[in-house]
Amino acid sequence: MIAEKRADSMQALVLDFLRVTEKAAIEALPWVGSGDKMAADASATNEMRKQLNRIEMQGTIVIGEGEIDEAPMLFIGETLGQASSPEIDIAVDPIEGTTPAVNGQNNSLTVIAAAPKGTLLHAPDMYMKKIAVGPKAKGKINLDAPITETLEAVAEANGKQVRELTVMIQDRPRHREVIEEIRSTGARVNLFQDGDVISSVATCIEQANVDLFYGIGGAPEGVLAAVAVRSLGGEVQAKLMPRNEKEKERCSKMGVDTDRVLQHDDLVSTDECLFIATGITDNLLVGGIETMNGKYAVNSMVVTGTDCEVRYMRSIHSMAPDV
Ligand SMILES: O=P(O)(O)OC[C@H]1O[C@](O)(COP(=O)(O)O)[C@@H](O)[C@@H]1O
């Protein structure tokens, strides 16, 4: 009964949270192609904060961003909203793909995940090793296994030969060895520059034709993606990768184990969760903002965990400033 009530409260907030990502994406739009990452992030972040503060909830930011690259951030622990209940954990990335956005390229969106208090991992903003697969390969992966074994398991689960698999991996020097290993099996490596929320959630979107996401990226992005992937029936596993003693200390203060693989339930422990991504520029999940006749057409992907449904929403916003 209590779980049902909590799920209801998440469902009831879908449109409120949708407004948050839509408005943040619109605020980011003038910075597309500007070359100014800080200004773009600040604009989207401030709008997110403003819109989150309008919602009837007591929200707490458990996943913010910005410590690694000193971007403006919604602070971990910051509380937002108009009421004392429901109590909600919120994970945000005001711009996922800041670099492509300010370079005027595809692959940027604004993203939020929400779930009842205490159900999202409180992960520090540092690197995390991650693996994600779609529903068919759920239960067949192990982050600690050699990549060749993982590819064989995913191929069998997806009814393909290893050489028919597509693996999304971020184009970074830290992945050079594993990229070579994957290529040596004949599997197709799809290198992307930025946006690992996009690439990991794509494993659950049939038309995207992505079999596996693998590699080291931001921990906040790992938790955000885990919410969508869980709701879409896939699986994420992860391991925090502290780079020095200070980062290790931060993990232990936050009570996160850095020695073991975090299973999907460690990242998000409930189905009563919500994931919304609004396109800034076009990407694998959702189209970017279009401007037309004094209005913005804004495209979002809304994933709700209780009913495991994905909705593609298109809203028309006036260009008149919001008050
Ligand atoms: O650029 P780095 O240091 O390799 O960081 C990787 C992270 O950067 C991103 O590509 C983009 O992140 P932001 O746009 O949010 O800064 C993430 O998707 C990824 O997890």
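Residues numbered from 1 in each chain as written. Predicted model: local features only at pLDDT ≥ 70, side-chain atom pairs only at ≥ 80, totals over all residues. Heavy atoms only, no water.

Draft legend 1. Examining the sheet that holds strand β9 (residues 235-240) more closely. Pairing within the open sheet is mixed, and its five strands lie in the order β7-β6-β8-β5-β9. Looking at the sheet topology across the chains shown, the edges are occupied by β7 (188-192) and β9. In this sheet, adjacent strand axes meet at a mean angle of 20 degrees when their direction is disregarded. As judged from the two bridges shared by strand β6 (residues 166-170) and strand β8 (residues 212-218), these two strands associate in the parallel manner. (Pairing = 2+ DSSP bridges. Helix = DSSP H or I, 4+ residues; strand = E, 2+ residues; numbered from the N terminus. Axes fitted to C-alpha atoms, helices over the stretch in contact; angles between N-to-C directions.)

Draft legend 2. A look at the UniProt feature "binding site: substrate" (unreviewed entry) in the protein. In the numbering used here, UniProt assigns the "binding site: substrate" (unreviewed entry) feature to Glu96, Gly97, Thr98, Tyr127, Arg172, Pro173, Arg174, Asp194, Gly195, Asp196 and Gly218. You can see Glu96 is positioned in strand β3 (residues 87-96). With residues up to four places along the chain from it excluded, the contact list for Glu96 reads Asn107, Ser108, Leu109, Val111, Gly195, Asp196, Val197, Ile198 and Glu221. Here the side chain of Glu96 touches Asp196 through a polar contact of 2.9 Å, landing on its backbone nitrogen. Checked against the element boundaries, Pro173 lands in the loop between β6 and α6 (176-184). (UniProt positions renumbered as here; feature names shortened; annotations may be inferred. Contact = heavy atoms within 4.5 Å. Polar contact = N/O pair within 3.5 Å; in protein donor to acceptor, adjacent residues only side chain to side chain.)

Draft legend 3. Highlighting the site of the ligand. Surrounding the ligand, one finds 17 residues, the nearest of these being Thr98, Tyr127, Arg174, Asp194 and Asp196. The separation between an oxygen atom of the ligand and a polar main-chain atom of Gly97 is 2.8 Å. Listing elements by their share of the shell around the ligand, those giving two or more residues are β3 and β8. The element that contributes the greatest number of residues to the shell around the ligand is β3, accounting for three residues. (Near = heavy atom within 4 Å.)

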